[in-house]
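Read off the chains here:
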Amino acid sequence: MPDAHDPSFKIRLLRRLKANADLFRLFDSLRDVCFFAKDRRGKFIMGNRAFLEKLGLDREEDLIGKDDFDFFPARLVEIFLRDDQRVIRTGEPLIDRVELVSNSDGSIDWHITTKVPLVSRNNFTVGIAGITRDFRESGEQWRPHQQFAAVIEHINRNYSQPIRVEDLAALVFLSVNQFERKFKQVFQISPIKFLT
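Analysis parameters
- Residues numbered from 1 in each chain as written.
- Predicted model: local features only at pLDDT ≥ 70, side-chain atom pairs only at ≥ 80, totals over all residues.
- Heavy atoms only, no water.
- Helix = DSSP H or I, 4+ residues; strand = E, 2+ residues; numbered from the N terminus.
- Buried < 20%, exposed > 50% of the residue type's maximum accessible area, 1.4 Å probe, protein only.
- Contact = heavy atoms within 4.5 Å.
- Areas by Shrake-Rupley, 256 points an atom, 1.4 Å probe, with all protein chains shown as cover.
- Polar contact = N/O pair within 3.5 Å; in protein donor to acceptor, adjacent residues only side chain to side chain.
- Expected span 1.5 Å × (residues − 1).
- Arc of directions from axis to C-beta.
- 1 Å grid on protein atoms, 1.4 Å probe; cavity = no way out; pocket = protein on both sides within 12 Å on 5 of 7 lines; lining within 4 Å.
- Points joined across faces, edges and corners; volume = space filled by probe spheres on them.
- Nonpolar A, V, L, I, M, F, W, Y, C, P; charged D, E, K, R; others polar.
- Pairing = 2+ DSSP bridges.

Undergrad: In this structure, what is going on with the overall build of the protein? I would like to understand it.
TA: Within the protein, the secondary structure is distributed over eight helices and five strands. Its helices and strands in sequence order give the protein the pattern α-α-β-β-α-α-β-β-β-α-α-α-α, from N to C terminus. A burial count over the protein gives 43% of its 196 residues as buried. Intrachain contacts of the protein at a sequence separation of at least 6 include 43% that bridge at least 24 residues. As presented, the protein carries roughly 11,100 Å² of accessible surface, and 51% of it is formed by carbon and sulfur atoms.

Written out as structure tokens, the structure reads:
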């Protein structure tokens, strides 16, 4: 099994990925899609123009070798890393996760993220690749989740104040039990844990 910590292994991985750089560069033409790739340790090895802009970077070289802690708040990074490790461990993609992602100006927006394993020829997971899109710009397929738009707006406007789950449930005309169940289905976390 290759040693992902071996520098020569990383160089070979980067060369293989760069050999397919034209394919990955297709993401540069999609201004609303942030594309990224990381090695097994969570170090960025690639990102498209939209992702660099989201992070406030000018050049891809300023991204390579850094990790999520260099750009995002620790509480969000814990969730990102948990998801990354699950994809690496299981080899299963994570599809359409609705999550919070911070911007370079410190603001936070809801995004839809998909992560897939990067697998070597001998079926060893060498990292992950992912895309993330702003929830508001994600089109028709997310219309069923629009019932949470009022909740998202309320949280964004009042995050510095105490927020009660009962009030959030009332915004979308659900009982607390229904709200908690549906919230967890969409956001993969309970409303209480999320607010905490």
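Picking up where we left off.
Undergrad: What exactly am I supposed to notice about the side chain of T114 here?
TA: Tracing the backbone through its elements, the reader meets T114 in strand β4 (residues 108-119). Given a relative accessible area of 16%, T114 falls into the buried group. Among the polar contacts made by the side chain of T114, one reaches the main-chain amide nitrogen of D96 at a distance of 3.0 Å. The residues contacting T114, other than those within four sequence positions of it, are L94, I95, D96, A129, G130 and I131.

Undergrad: Sorry, what's going on with helix α4 (residues 74-90) here?
TA: Because each turn of an α-helix spans 3.6 residues, side chains separated by three or four positions end up pointing in the same direction. Its 17 residues give α4 an end-to-end C-alpha distance of 24 Å, which sits within 8% of 24 Å, the value for a rise of 1.5 Å per residue. Every buried residue of α4 is accounted for by L76, V77, F80, D83, D84, V87 and I88. Down the axis of α4, the buried set is contained in an arc of 135 degrees. They therefore lie on one face. Opposite its buried face, α4 presents the exposed residues R75, E78 and R89, each directed more than 90 degrees away. Each element contacted by the buried residues of α4 is listed here: β1 (33-39), β3 (94-102), β4 and β5 (125-134). After α4 finishes, the residue G91 shows a positive phi value of roughly 75 degrees.

Undergrad: Help me understand the layout of surface pockets in this model?
TA: In this model, the largest pocket occupies a volume close to 840 Å³. Around the largest pocket, the lining is made up of 26 residues, and of these R75, L76, L100, I108 and F194 lie nearest the centre. Of all the secondary-structure elements, those providing two or more residues to the lining of the largest pocket are α4, β3, β4, α5 (149-158) and α8 (191-195). Ranked by residues supplied to the lining of the largest pocket, first place goes to α4 with six residues. Here the lining of the largest pocket is composed, by residue class, of 14 nonpolar, six polar and six charged.

Undergrad: In this structure, what is going on with the environment of N156? I would like to understand it.
TA: In this structure, N156 sits in helix α5. Between the C-alpha atoms of N156 and S107, which are 49 residues apart in sequence, the distance is 9.5 Å. Those residues in contact with N156 that sit more than four places away from it in its chain are I108 and W110.

Undergrad: Is there a simple way to think about the pairing of β4 in this case?
TA: Each regular strand shows side chains that alternate between the opposite faces of the sheet. Buried residues dominate β4, accounting for nine of its 12 residues. With seven bridges connecting them, β3 and β4 associate as antiparallel partners. Paired with V98 across the two strands is I112, which belongs to β4. Between β3 and β4, which pair antiparallel and follow one another directly, the connecting turn spans five residues, one of which, G106, has a positive phi of 95 degrees. Here β4 pairs with β5 via nine bridges, running antiparallel. Within β5, the residue paired with V119 across the bridge is T125. Linking two consecutive strands that pair antiparallel, namely β4 and β5, is a turn of five residues; a positive phi of about 70 degrees is found at N123 within it.

Undergrad: Hey, could you run me through the environment of F72 in this one?
TA: Take F72: it is sitting in the loop between α3 (49-55) and α4. Along the sequence, F72 and N103 sit 31 residues apart, while their C-alpha atoms lie 8.2 Å from each other. Those residues in contact with F72 that lie beyond four places of it in its chain are L55, V77, F80, V101 and S102.

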